[in-house]
Structure formats: structure tokens, C-alpha cells
Amino acid sequence: MTPRRVVITGIGLVSTFGGDPEQFFQALARGTNAIRPIDSIEGLGGRAVLGAPATGFNPRDHVDGKSLRLMAPAVAFGVAAAQMAMADAGLAADAIDPVRLGAFVGSRGHSSDRQDLVGAVQRATESGEFHLTTYGAVGLPLVHPMWLLKGLANNVLYFISLKFNAQGMNNNISLSGVGGTMAVGEAFHAVQRGYLDGALAGGYDSSLDIDRAEMFGESHLLSASMDPNAASRPFDARRDGFVPGEGAGFFVLEPLDKARARGANIYGEIKGYGAATAPYSPTHLGPSAKGFAGALAAAIDDAGGRAPEAVFAHGLATRVSDAEETRALKHLFGAKASGIPVPALKSMIGNTFAGSGGLETAAALFALKHQLLPPTINRTTPDPACDLDYVAGVEARPAALDTVAVNNVNLGGAHAALVVGRAEP
Amino acid sequence: MTASNRRRVVVTGIGVVTPVGSTIERMWDSLVAGRGGVDHIKRIDASTFPTTIGAEVKDLESSRLPTDPAILELLDRKNQFGWVAAADALADSGLLQLKPERVGLSIGTESRRPDFLNRLAANRVYVGETAHLRYSPFVIGCALSSQYGFNGPLFTISTACTSGTQALGVAYQTIQWNKADAMLAGGCDSLIDPLMLTGFSLLGALSTRNDDPAHASRPFDLHRDGFVLGEGAGMLVLEELEHARRRGAKIYGEVMGYASSSNAYRLTDSPPDGQGAYLSMTNAIADAGLAPKDIHYINAHGTSTHQNDKSETAAIKRCFGDYAYDLPTSSTKSMMGHLVNGGGAVELIVCLLTIKHNLLTPTINYETPDPECDLDYVPNHARPHRVDHALSNSFGFGGINATVVVGRVNA
């Protein structure tokens, strides 16, 4: 069959600027900084870290209490965002044959809530040293009986399949920073090629927990700055790492003809998707110019070959990644690269990992709608290695946009990109 | 897209690490002999756990592990299995002589686990600059990409027991859709660790036949009482047919069809009517351009839990009608236990070897028929049978199902 055109007819967000997609975009367009000190992370004993927490989100508004007890904290973000996307799409319950409705989720793998294990481990360590046999005898029975399922990597996929009776093709891509992007891309291909007549796709994550705080503290990937107004500075000469964020972004994807036939609101079209992997080096797995260029070139090729008018950067704000991303864009677009704006949303909302693809693609759709590019804030000191147009400043810029690309990468060097286009009248 | 004009995908390399042998030859010999690998757990002192049995990898030579200390540090036990199986599959395929830009990876795996409890006891879980990599499920894919210079798409799939099969399905589609010419695909896992014993024991999913480990994993038998945790990895090289033929590659078989589905039912239980499994089998057979009667062997998910085996049997009957009773269906898990993220890949390799040898591997420990499980499970003994097309099922927690159909390729 001829590949079908695929459009987005529903958006659901959990973000640091709340759950309304239009308000999320307007906050970005105003150059709003969401990063603040947070001293309430469980297990850190009141120690403050910088982050951009989700706001205006109460899981109980979206999920019943019984189900919530089966969800690690970030899981509720994903479930809620997917539900909001379905509500936004206005699809009747029987509008899509359940076996032709699928779900694709980007996640980070098993998200164990360590608070569920602490009591058991303490019991097994009462002698001063941890003993496995003590743990097996008296610790294990103290563990939450559903511990394994609470953090199940495909937990969101389960809950949204159940909620919407989505029985069709599905996947859970546990690639963290690039998982949401690839989930949307894979759903796009499944609808495009006729495996599905509708898909829920997106990603969710939180890096505001003790596990991530410890992990990134060890890896020196976080910005060392404690100044909330200066810590997150993608492409700036003084960048020194990212600031953690959290959230979720989900979409409803439908074939264009079916969406039109039911008179759906169309946010935009998914035109292309590509993925590539190229770890920076064997001893330094991470983003590379080769990977950024490979994924973006594949996405543009998938979209028909025309360069997008803007690229929403991954803009991780580490020394290496931003320079590599810049190098990739110059390699790909040559002399035209300086004419393609590259805003970095992480300057405002931090790094939402598996949530990035959904949140940043949602912003790209509203940029197309309003013909307006949000800025990269804190980009005040030019870096010779990062010399493109990042829309530096705190003000949005009007721009004529037909297509926008969204770049993402994870911390191991798996890259992916999407190209989205304007909804046609 | 019709079956006639789409790119065809074949398997040109295979590698395994399993509890019944850590090479293809050793594993196949064990499976044909009906020799199980379940025993008392020896790697850790599990004596006070509700379940004290498991299927451990016993014969993996340390010389086959990665030699670079930096790589060894990155990879936990399951990922080391994955590394070894990948090296074997790639060597088997001869793919390494080619340009790697159009080669991708797709791996079913999970986050790091083995030392979590000890580190939690020490109140310092994440140590070292690579902690963010070591504890992430994607580390094995990224490390393999770096090692072999593969620059195609990378997938890391985590859908519990279905991961390996979905990773293979996505790899097949990626080649079919012309996003890569070859994919290293499979899965790896090691469940013999305190956290996984905890999680699965608390769910009541494991066999507690602690005094008789050899007979604990007994899929489809009336007296089955849960599954047995295993460990290992399976990796395959998937390649576009003409690409493989041009370079004169050995071809094990063709990946002909794939489908995934969701039960949309319960978190752990499977539906009595087998709806999700029925859907994934039916759609995978259709994707292969085949009819149900063209399938000659099913490698069942066959976990040895009461629910799964009953529901899978119902789904097979729904999908195949009366032919289900003439369709041999066996469970590799009777011998190697449940490899969870690694299971689907190893079991698809078993399907390919079944086609190659025209020999069905048995379901061992099958003693007492269950009226609700009344198919031909190839009880206890291998037997010759012409197999041109085989089907492998995987069903996971969260209600996710996936099926892959493989077929013989005539020279």
C-alpha cells in the first residue's frame, strides 16, 4: 500500500509549565525559566538540588487510588499525559477498532522505588553488615508485594492499553533521552504503513529522585551551578552540564484521511523519522556529531529530503554534546546551517530524558501553528564551537515555518530525530 | 505493502549463552537429549528465599568474556552474556567484513540489578563516573555499537518477557522498511539475583518445587506450579536477503512475519480466551503471507504457570482450529527455565535450528496431562518432523504479546 500521511490529533502533557499545551508553549515563548532549588527529594535529607519539577499535576486527578498504588511516581505522568492526549483527540470509544489501536512508549527501564526496599535491607543489615540469608528470611517479606510491577518498564504501556482497549501493535523503548522520540517515530511508521489506524505515542520520565540525583552526581553530567537563573545554558561558552527536569508528552496519531473524515482538530503532520547510533568513543559512550547527523539526515530523507526551517536542538548543555550537535548541523546543512534557527528548550525546562521527545515535539507543533520560535535562554557567551543561530535571548522570534525537526540523543549515543509539518488548512 | 514487493529478511548468524549450553552446538545437543539445566541456585546463597532453584549458566568460559576492563565494568552479568552471544552471532555471520553504517542494533534487556541490595545497605548505590550508563538498559546496545562501529538505528526494548521477541520484530521491520541492511538483534537477562527472586517470589509466579529442581519446570503438565528463573542471551544477525546472497552468507532461515499485541486485561494474568496471544499469532502469520496450516511447529511461551499455559493453549486452538491438535508445540523453558528479556531470542534460534534439522525439541517433565492443555507438546523426547515454517511466542507482564514467524529459505 502507499504510505499513509500521519497527523497528530491529540496532545497530552505533564510539564513544568502545567498540563495545557498552549500555555506550555506560551511559557517557552516568553523565555520563562522553570529551574528552581528543590529541597524535597525523598532520601536526600533536605539537601537542595536544582531542577524543573512538574507543576499543576495531581496524580489523583487522573488515576484512581488503587491503580496509583501500582505505579512508581513517574509512571503516573505517562498515564495521565496519554489520557489527556486521548481526551484532547475527542475520539469516541469505538471510533477505532481496538485491534487497530496501538501504543508506543518511551521510558527508562525498570524504575524501582527504592523506598520500597529500604526497610527490608535495614532488617538484613541489623548486625552491621548486609546478610543475604537474613534478607531472604526476614527482609524479603517486608518488601511491597507488587514491587516488581510498580516499576515495571512497560507499566505505562500496560495502563494505557487497558484504559483505551488498545490491543494492536505496541512497544516500550527504554532508551531514556531518546525513547520518547523513537516511540513517536515507530508509531508513525506503524500507522503510515497500515498496521494501525490510531496510536498513542510518547514518553515520560522524572530525573528528580534520589536515584538520578546520586547517579548524575557521580557522573559529573549535572551543572555544578546552584544559580537557578544561570545553571542551564545550552550552547553557551560557560555551559557545564544539564539540570534535571521531569514530565511527559503523549500524542494521538491518526491517518490524515481518517482524521479529516471525522473532522478532528489537526495539530500537524509527522513527516519523517530517523535513528542512528554512534557513541562518541568506546570509553566515552555518549552523543556524537556522527550520530546527530545520521539520525537527522535519515529523518529528513524520510520526510522527502527538504531541509526543515528550524531544528529544535537536543541542547544537552554538556561540553561535548552541544559542540557535537553543532558540528553535525554544519556538516548536514553546510553554508545554510547559519540560516537555520536551533532553539534549545532545555535551557528553560531542564532535561526531561524520556519525556523530552514528547514535550519538545509538542512545542514544535505549536511553533508551527504560531509561526514563532521559542528562545534559548542563558545563551549569553558565544562559544566558537557552538556558532549557529540558537535564537539566543528571552524573546520568541517570528519565523516562516513549514517543517521543524526535533533532535534527541541519550547518554549512551543513541540518536533519533523527527520532522513535523504544519497542519494544512 | 504486499508480501511480494517488500524487502525480505533472513538470519545469517546466531549466538547463545544458555543454562543448557553456551554455544549453539552444546545448547542444541542438550535440547535434543531433553537435558534440563535447572538445579539448586549456586551463585548466591538463596537458601532462605521462598524459591531456592534456578537455571544457571554453567559452562561459559571466561576467555569468551570481554577483555577490556572498561567494557567489563560497564556490563553486568546479563549484558556480558549479551556481549558473548553477539560476538558469536557476528562471527558466525561474517558480517564484520562489511561497512557498518547500515547496520543497526535491537536488544531486549533491562536495567542493572545484581548488586543493588548490597549497595543500598551501604547507603551508596551509584558509584563512579559511568554509573548513569551501567544502570541503564541501553548500555549493552551502545557498547556493542561502539565496539563494532554499527551506526544504524539502535533500539533497546523493555517489555519484560516479551522484550527479546519485540526486539527481533522491530529489527525485522527496520530492514524491511529499508532503514538498515542488517541488524544485530536479540535479548539478554540474568534472573538469578536477589532482587528478581524477591520480585517474582512475592508475585507467587515461581515454582517452589525446591526439593526436586530437575522436575520443577513442567509446562503444560497438570502439576505445574510456576516458572523457574533462568539466565542467558540469544543474539541473531538479521540481514536483507539480497545483501546476504551477494556476499554468499550462510542463511539459517527467513524472518517472515511479526506482530505484537496487548491483552488490555490484567497486569499479570492472561485472559482465559487467549485474546492477545491469538491476535499476535494471527497477525504474524498474516504478515508472513501464510495460512495457519502452513505453520509446522510452535515454540510456545510455555512458562509452566497455571495461567499462561492454559491461556496459550486456548489461543492456539482459536488460531489454528482442529489443526492445533496436529501442530507440535513445545516449551524450551522446560529445560532452561525463563530467560525473561533473553527468552524470545533464544527460542527463535531454537525454531531456526528445528527447521535446519527437521527435529522437534521436547517439552520435558510432561507426565500428567491437564484436560485444559490437550495439545501435542512433544512430550519428553525429541522427534523428527518436517518443519518449513515455525512460530515463536512471547507473552509478558503488562499483557504484551509478540510472535515471530520464521521459514526455510531454499538455496
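So, how was this worked out
Residues numbered from 1 in each chain as written. Chains lettered and ligands numbered in written order. Predicted model: local features only at pLDDT ≥ 70, side-chain atom pairs only at ≥ 80, totals over all residues. Helix = DSSP H or I, 4+ residues; strand = E, 2+ residues; numbered from the N terminus. Buried ≥ 20, exposed ≤ 12 C-beta atoms within 10 Å, placed from the backbone. Contact = placed C-beta atoms within 7 Å. Rg over C-alpha atoms; globule rule 2.2 N^0.38 Å. Axes fitted to C-alpha atoms, helices over the stretch in contact; angles between N-to-C directions. Parallel < 35°, antiparallel > 145°, perpendicular 65-115°, else oblique. Nonpolar A, V, L, I, M, F, W, Y, C, P; charged D, E, K, R; others polar. Domains from an automatic or database assignment. Core = buried A, V, L, I, M, F, W, Y, C linked by C-beta atoms within 7 Å. Expected span 1.5 Å × (residues − 1). Pairing = 2+ DSSP bridges. pLDDT = per-residue confidence, 0-100.

Colleague: How should the overall build of chain A be read in this particular structure?
Modeller: Along the backbone of chain A there are 14 helices and 13 strands. Seen along its three principal axes, the alpha-carbon backbone of chain A occupies a region of about 65 × 55 × 40 Å. Classification of the 425 residues of chain A by burial places 63% in the buried group. A fraction of 79% describes how many contacts in chain A between residues 6 or more apart in sequence connect residues 24 or more apart.

Colleague: Where do I start with the overall build of chain B in this structure?
Modeller: Each helix and strand counted, chain B has 13 helices and 14 strands in total. Computed over the C-alpha atoms, the radius of gyration of chain B is 20 Å, within 12% of the 22 Å expected from 2.2 N^0.38 for a compact globule of 411 residues. Among the 411 residues that make up chain B, the fraction classed as buried is 66%. Counting only contacts in chain B whose residues sit at least 6 apart along the sequence, the fraction spanning at least 24 positions is 81%.

Colleague: So what exactly am I meant to see when it comes to the packing of helix α7 (residues 163-176) of chain B against helix α13 (residues 343-357) of chain B here?
Modeller: A pair of packed helices is captured by two measures, namely the crossing angle of their axes and the spacing between those axes. Residues and elements named next belong to chain B. Taken N-terminus to C-terminus, the directions of α7 and α13 make an angle of 65°; their axes are 5 Å apart at the nearest point. In terms of axis orientation, α7 runs roughly perpendicular to α13. Each of Ser-163, Gly-164, Thr-165 and Leu-168 in α7 lies in contact with α13, whose residues at this interface are Gly-343, Gly-344, Ala-345 and Leu-348. Counted by class, the contact of α7 with α13 contains three nonpolar, five polar and no charged residues.

Colleague: What exactly am I supposed to notice about the packing of helix α1 (residues 21-29) of chain A against helix α14 (residues 356-370) of chain A here?
Modeller: All names here are of chain A. It is at 10 Å that the axes of α1 and α14 come closest, and there the two elements cross at 85°. Between α1 and α14, the angle is such that the two are roughly perpendicular. Of the residues in α14, those touching α1 at Pro-21, Glu-22, Phe-24, Phe-25 and Leu-28 are Ala-362, Ala-363 and Phe-366. Of the residues in the contact of α1 with α14, the class split is seven nonpolar, no polar and one charged.

Colleague: I tried to follow the domain arrangement of chain A on my own but got confused; where do I start?
Modeller: A common way to report how large an interface is uses the accessible area buried once the components associate. All names here are of chain A. What the domain assignment lists for chain A is domain 1 (6-113 + 151-422) and domain 2 (115-148). Facing four residues of domain 1, the contacting portion of domain 2 comprises four residues. Of the residues that constitute the side of domain 1 that touches domain 2, the class distribution is two nonpolar, no polar and two charged.

Colleague: Before we go on, may I ask you to explain the interface of chain A and chain B in this structure?
Modeller: Residue-level contacts link 67 residues of chain A with 67 residues of chain B. Looking at the side of chain A that touches chain B, the elements with two or more residues in it are α4 (115-123), α5 (132-139), α6 (147-150), α7 (155-164), β5 (170-173), α9 (210-219), β8 (268-277) and α11 (289-302) of chain A. When the residues that make up the side of chain A that touches chain B are grouped by side-chain class, the tally is 37 nonpolar, 25 polar and five charged.

Colleague: Teacher, can you tell me more about the domain arrangement of chain B here?
Modeller: Residues and elements named next belong to chain B. As assigned here, chain B comprises domain 1 (10-246) and domain 2 (253-407). The distance between the C-alpha centroids of domain 1 and domain 2 comes to 20 Å. Facing 62 residues of domain 1, the contacting portion of domain 2 comprises 60 residues. For the side of domain 1 that touches domain 2, the secondary structure elements donating two or more residues are β1 (9-17), α1 (24-33), β3 (53-55), α7, β6 (182-190) and β7 (231-240). Broken down by element, the side of domain 1 that touches domain 2 gets its largest block of residues, eight residues, from α7.

Colleague: Just to check I follow, could you spell out the nonpolar core for this structure?
Modeller: The tendency in soluble globular proteins is for nonpolar side chains to be buried as a group. Judged by nonpolar contacts, the single largest core of 286 residues is most densely connected at Leu-200 of chain A together with Leu-184, Leu-236 and Leu-238 of chain B. Looking at which element gives the most residues to this core, the answer is helix α3 (residues 73-89) of chain A, with 12 residues. When neighbours within four sequence positions are excluded, Leu-184 of chain B is seen to be in contact with Ala-86, Ala-89, Leu-90, Val-103, Leu-105, Leu-144, Phe-150, Met-235 and Val-237 of chain B.

Colleague: How should α13 of chain B be read in this particular structure?
Modeller: The periodicity of an α-helix, 3.6 residues per turn, causes residues three or four positions apart to be oriented the same way. Residue and element names in this part refer to chain B. Over its 15 residues, α13 runs 21 Å from end to end, which matches the ideal 21 Å to within 8%, given 1.5 Å per residue. With 13 of 15 residues buried, α13 is to be regarded as a mostly interior element. Just beyond α13, the residue with positive phi is Asn-358, at close to 50°.

Colleague: Looking at this structure, how should I read the pairing of strand β7 (residues 246-255) of chain A?
Modeller: If a strand is regular, its side chains alternate between the two faces of the sheet. Residue and element names in this part refer to chain A. The element β7 is extensively covered by neighbouring structure, given that nine of its 10 residues are classed as buried. Pairing analysis gives eight bridges linking strand β1 (residues 6-14) to β7, with the strands arranged antiparallel. Among the inter-strand pairings, Gly-12 is bridged to a residue of β7, identified as Phe-250. Taken together, the eight bridges between strand β6 (residues 198-206) and β7 define a ladder with antiparallel strand orientation. Residue pairing in the sheet places Gly-203 in a bridge with Gly-249 of β7.

Colleague: Explanation requested: the pairing of strand β14 (residues 400-407) of chain B in the structure shown.
Modeller: Residue and element names in this part refer to chain B. By the criterion of burial, β14 is predominantly enclosed, with eight of the eight residues buried. In β14, alternate side chains face the same way, and those of Ile-400, Ala-402, Val-404 and Val-406 on one face and Asn-401, Thr-403, Val-405 and Gly-407 on the other are all buried. Relative to β14, strand β8 (residues 253-262) runs antiparallel, the two sharing eight bridges. Each residue of the ladder has a partner; that of Ala-259, found in β14, is Thr-403.

Colleague: Please clarify how the environment of Leu-13 of chain A should be interpreted in this entry.
Modeller: All names here are of chain A. Topologically, Leu-13 is positioned in strand β1. Taking the C-beta count within 10 Å as the criterion, Leu-13 has 31 such neighbours and is therefore assigned buried. C-alpha of Leu-13 to C-alpha of Ala-81: the two residues are 68 residues apart in sequence and 4.9 Å apart in space. The residues contacting Leu-13, other than those within four sequence positions of it, are Gly-19, Pro-21, Phe-24, Ala-81, Gly-247, Ala-248, Gly-249, Leu-359 and Ala-362.

Colleague: So what exactly am I meant to see when it comes to the environment of Gly-412 of chain A here?
Modeller: By secondary structure assignment, the location of Gly-412 of chain A is in the loop between β12 (403-409) and β13 (414-422). Look at Gly-412 of chain A and you get buried, because 30 C-beta atoms sit within 10 Å. For the pair Gly-412 of chain A and Val-178 of chain A, spaced 234 residues apart in the sequence, the C-alpha separation amounts to 9.9 Å. Apart from the residues lying within four places of it in its own chain, the contact partners of Gly-412 of chain A are Pro-279, Leu-285 and Gly-286 of chain A together with Leu-133, Ser-136, Phe-138, Val-139 and Cys-142 of chain B.

Colleague: Looking at this structure, I do not really get the confidence of the model for chain B. What am I missing?
Modeller: Keep in mind that low pLDDT regions are not for reading the predicted coordinates in detail. Taken over all residues, the pLDDT of chain B has a mean of 95, while the share at 70 or more is 99%. Scored as a complex, the prediction yields pTM 0.97 and ipTM 0.97.

Colleague: Hey, could you run me through α7 of chain B in this one?
Modeller: All names here are of chain B. Over its 14 residues, α7 extends 20 Å from the first C-alpha to the last, a length consistent with the 20 Å expected when each residue adds 1.5 Å. By the criterion of burial, α7 is predominantly enclosed, with 14 of the 14 residues buried. Asn-178 sits one or two positions beyond α7 and adopts a positive phi of about 65°.

Colleague: How do you make sense of unusual backbone geometry when you look at a structure like this?
Modeller: Trans peptide bonds make up most of the peptide bonds, and negative phi angles are found at most residues other than glycine. One non-glycine residue, Ser-176 of chain A, lies in the positive phi region at around 50°. Position of Ser-176 of chain A relative to the elements: it lies in the loop between β5 and α8 (179-192). Notably, Asn-380 of chain B is not glycine yet its phi reads approximately 65°, a positive angle. Structurally, Asn-380 of chain B can be placed in the loop between β11 (359-360) and β12 (383-384). Its 13 C-beta neighbours within 10 Å are what place Asn-380 of chain B among the partly exposed residues.

Colleague: Would you mind showing me how to read the environment of Val-49 of chain A here?
Modeller: All names here are of chain A. Topologically, Val-49 is positioned in strand β3 (residues 49-51). As a C-alpha pair, Val-49 and Arg-36 span 13 residues in sequence and 8.3 Å in three-dimensional space. Excluding residues within four positions of it along the chain, Val-49 makes contact with Ile-38, Ile-41 and Ala-213.

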